[in-house]
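# Report on the structure
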Amino acid sequence: ITRDPGNPDVQLIQARIELLRGETAEAIAQLESMATTFPRALPIRHQLAQAYLNAGEMTKAVESLNQCLSIAPDHAETILALATINLRRGDALTAITSLRNLVRGNPNLVPAQLLLADAYRAQRNLDATLDVYRQLEERHPRDPRFPFMRGLTHLQQQQPDQARAGFERAVTLAPDFL
């Protein structure tokens with residue numbers, strides 16, 4: 001790393017190391033400098049957003065993530081990060097809109113579908129939550145997480161028989177799951 005300190009890849013690695021060490025201010029300074037030099041470099045902008053999140057600077061993180069979207073509107077990691085922030089801020093509708101579009105284009109992107117289910121749950125739209133879990137079960141029939149989550153959602157709907165069916169399916173798939 002010390003052989004070529006001017007290389008942007010090396011600088012990005014150094015910034016990531018600083019973040020891992022808890023040297024957030026140093027990482028932000030380095031990443032901001034890099035973002036000025038390479039304004040359309042998605043990895044730099046995305047890492048800068050992470051650094052801002054680590055520092056608790058939510059507004060700057062959102063701004064950096066929005067800059068990422070202007071560079072690459074379909075960048076899944078950025079959409080997921082913004083949807084997570086929106087959901088934490090209580091804006092489930094914005095999260096749902098972006099996640100539905102992301103899932104439409106990437107139907108096998110499980111983290112997006114799980115976050116979409118959480119967003120529906122936040123809106124108390126448990127039927128839509130169940131639909132997401134059912135789709136996940138169809139795409140991943142051997143994964144016990146999805147029937148389990150379906151069971152939990154049925155419990156919220158006060159449907160104990162359906163909840164039990166989900167839990168039993170999860171245990172059938174993975175006896176040690178529960």
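Since this is a predicted model, take the numbers as computed values, not measurements.

### With respect to the overall build of the protein chain
If you tally the helices and strands in the protein chain, you get ten helices and zero strands. For the protein chain, the α and β elements follow one another from N to C terminus as α-α-α-α-α-α-α-α-α-α. Projected onto its principal axes, the C-alpha positions of the protein chain cover 60 × 35 × 30 Å. Put simply, the protein chain has 178 residues, and 39% of those count as buried. For the protein chain, restricting intrachain contacts to residue pairs at least 6 apart in sequence, the fraction spanning at least 24 positions comes to 38%. For the protein chain, the exposed surface amounts to about 10100 Å²; the carbon and sulfur share of it is 50%.

### Digging into a nonpolar patch on the surface
On the surface, Val171, Phe177 and Leu178 cluster together to form a nonpolar patch covering roughly 250 Å² of accessible area. Mapping Leu178 onto the fold places it in the segment after α10 (160–173).

### A word on helix α1 (residues 8–21)
Counted at 1.5 Å a residue, the expected span for α1 with its 14 residues is 20 Å, and the 20 Å between its end C-alpha atoms agrees. Restricting attention to buried positions, one finds in α1 the residues Val10, Gln11, Leu12, Ala15, Glu18 and Leu19. In this fold, the buried residues of α1 make contact with α2 (24–37) and α3 (42–54). Here α1 starts with a cap whose side-chain oxygen sits 2.7 Å from the backbone nitrogen of Asp9, and that cap is Asn7.

Quick notes on the rules
- Residues numbered from 1 in each chain as written.
- Predicted model: local features only at pLDDT ≥ 70, side-chain atom pairs only at ≥ 80, totals over all residues.
- Heavy atoms only, no water.
- Helix = DSSP H or I, 4+ residues; strand = E, 2+ residues; numbered from the N terminus.
- Buried < 20%, exposed > 50% of the residue type's maximum accessible area, 1.4 Å probe, protein only.
- Contact = heavy atoms within 4.5 Å.
- Areas by Shrake-Rupley, 256 points an atom, 1.4 Å probe, with all protein chains shown as cover.
- Patch = residues over 30% accessible without salt bridge, like charges linked within 9 Å, V, L, I, M, F, W, Y side chains within 5 Å.
- Salt bridge = Lys/Arg side-chain N within 4 Å of Asp/Glu carboxyl O.
- Expected span 1.5 Å × (residues − 1).
- Polar contact = N/O pair within 3.5 Å; in protein donor to acceptor, adjacent residues only side chain to side chain.

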